[in-house]
Amino acid sequence: MKEKKPYTLAVFSENTVGILNLISIVYTRRSISVQSISASPTAIPGIYKTTVLSHSDRETMEKVVAQIEKAIYVVKAFLFTDDEIVHQEVALYKVPTVKLMDEPELEHIIRTHNARILEITQDFTVIEKTGHTDETEALFRELQKYDIRQFVRSGRVCVTKDPIEHVTVYLENRDKINKNKKI
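Residues numbered from 1 in each chain as written. Predicted model: local features only at pLDDT ≥ 70, side-chain atom pairs only at ≥ 80, totals over all residues. Heavy atoms only, no water.

### Examining the confidence of the model for the chain
Then, number 1: Averaged over the chain, the pLDDT score is 92; the fraction of residues at 70 or greater is 98%.
Then, number 2: By mean pLDDT, helix α6 (residues 166-182) is the weakest element of the chain at 77, and strand β7 (residues 124-131) is the strongest at 97. (pLDDT = per-residue confidence, 0-100. Helix = DSSP H or I, 4+ residues; strand = E, 2+ residues; numbered from the N terminus.)

### Topic: the pairing of strand β2 (residues 34-41)
Then, number 1: Across seven bridges, β2 lies against strand β3 (residues 48-56) in antiparallel orientation. The residue bridging Ser36 from the neighbouring strand is Leu53, located in β3.
Then, number 2: Counting the residues that bridge the hairpin from β2 to β3 gives six residues, and of these Gly46 lies at a positive phi of roughly 85°. (Pairing = 2+ DSSP bridges.)

### Description of the packing of aromatic side chains
Then, number 1: A complete count under the given rule lists four aromatic pairs for this structure.
Then, number 2: Between the aromatic rings of Phe140 and Phe151, the centroid separation amounts to 4.5 Å while the plane-to-plane angle is 35°, which identifies the pairing as tilted. Residue Phe140 is found in helix α5 (residues 133-143), and its partner Phe151 is found in strand β8 (residues 150-153); the two are separated by 11 residues along the sequence.
Then, number 3: On the basis of relative accessible area, Phe151 is assigned to the partly exposed category, the value being 27%.
Then, number 4: Among the aromatic side chains, those forming a connected cluster through ring pairs are Phe12, Phe78 and Phe80.
Then, number 5: Across from the ring centre of Phe124, 4.5 Å away, lies the NZ or CZ of Lys94, which sits over that ring. (Phe/Tyr/Trp six-rings, centres within 6.5 Å; stacked < 30°, edge-to-face > 60°. Buried < 20%, exposed > 50% of the residue type's maximum accessible area, 1.4 Å probe, protein only. Lys NZ or Arg CZ within 6 Å of the ring centre and 35° of its normal.)

### Topic: helix α1 (residues 19-29)
Then, number 1: Within α1, the full set of buried residues consists of Ile19, Ile23, Val26 and Tyr27. Taken down its axis, α1 places every buried residue within 95° of arc, on the same side. Those residues of α1 that are exposed and aimed more than 90 degrees away from the buried face are Thr28 and Arg29.
Then, number 2: Positive backbone phi, at 55°, marks Ser31, one or two positions downstream of α1. (Arc of directions from axis to C-beta.)

### Topic: α5
An α-helical segment advances 3.6 residues per turn. Residues three or four places apart therefore align on the same side.
Then, number 1: For α5, the full list of buried residues reads Thr136, Ala138, Leu139, Phe140 and Leu143.
Then, number 2: If you follow the buried residues of α5, they end up packed against β5 (85-96), α4 (104-112), β7 and β8. (Contact = heavy atoms within 4.5 Å.)

### Observations regarding the nonpolar core
Then, number 1: If you look at the biggest cluster of nonpolar residues, it comprises 17 residues, and the most contacted ones within it are Leu9, Val11, Ile23, Tyr27, Met61, Val64 and Ile68.
Then, number 2: Of all elements in the fold, only β1 (5-13), α1, α2 (58-69) and β4 (74-80) reach the threshold of two or more residues within this core.
Then, number 3: Not counting the four nearest positions on each side in its chain, Leu9 is found in contact with Tyr27, Thr50, Thr51, Val52, Val64, Val65, Ile68, Ala77 and Phe78.
Then, number 4: Ranked by size, the runner-up nonpolar core spans 14 residues in total, among them Ala91, Tyr93, Ile110 and Leu139. (Core = buried A, V, L, I, M, F, W, Y, C linked by side-chain atoms within 4.5 Å.)

### Details of the packing of α1 against α2
Between two packed helices, what matters for the description is the angle formed by their axes and the separation of those axes.
Then, number 1: At their nearest, the axes of α1 and α2 sit 10 Å apart, and the two run at 145° to each other. Seen from above, α1 lies across α2 with right-handed handedness. Contacts from Leu22, Ile23, Val26, Tyr27 and Arg29 of α1 reach α2 at Met61, Val64, Gln67 and Ile68.
Then, number 2: In terms of residue class, the contact of α1 with α2 is made up of seven nonpolar, one polar and one charged. (Axes fitted to C-alpha atoms, helices over the stretch in contact; angles between N-to-C directions. Left-handed = near helix turned anticlockwise from the far one by under 90°. Nonpolar A, V, L, I, M, F, W, Y, C, P; charged D, E, K, R; others polar.)

### Considerations on the pattern of salt bridges
Then, number 1: If you walk through the whole model with that rule in mind, you get 10 salt bridges.
Then, number 2: Between Arg111 and Glu107 there is a salt bridge, with the nearest N and O atoms lying 2.7 Å from each other. With a gap of four residues between them, Arg111 and Glu107 both fall in helix α4, about one helical turn apart.
Then, number 3: Between Glu137 and Arg153 there is a salt bridge, with its nearest N and O atoms 2.3 Å apart. Highlighted residues: Glu137 in helix α5 and Arg153 in strand β8, separated in sequence by 16 residues.
Then, number 4: Here Glu137 falls in the partly exposed class, since its relative accessible area comes to 23%. (Salt bridge = Lys/Arg side-chain N within 4 Å of Asp/Glu carboxyl O.)

Right under this line is the structure:
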């Protein structure tokens, strides 16, 4: 049996209807469960990044990359292991404000986890924690005893540890090749 481990797929594309559907279909056909997904614009105008976290083996994930790159609106896709990227997620927790006022330990928990309070109303307080999944889950477990009302966690966002932006290098090389073809 092939070793399964976490892989992060970064898909750079135009902002076109159907990109998430395309990615979902490729994962579904290969019976790979998506752990998290996030999408956002990049520093390159008109280029968007979809980040997908899943557990699989390297060979299968390389096939996923090749299949996704065939899509006309996909510029390039890259596959990373956790040691090749810096990644985070954001979690929001909503607890009753009365608990924050009545339970001195709650403030200590928030400080210990390097979380911050985003909003306080008469009825509820929203707490934010940025970190890895195990860190956001640890805070969730501690807040459960304080009548947590809502909890949500974003998908993974990441940047590579390389000093270059891979998609920028790819686009520059592609432009050079296209320019030479025209000559």
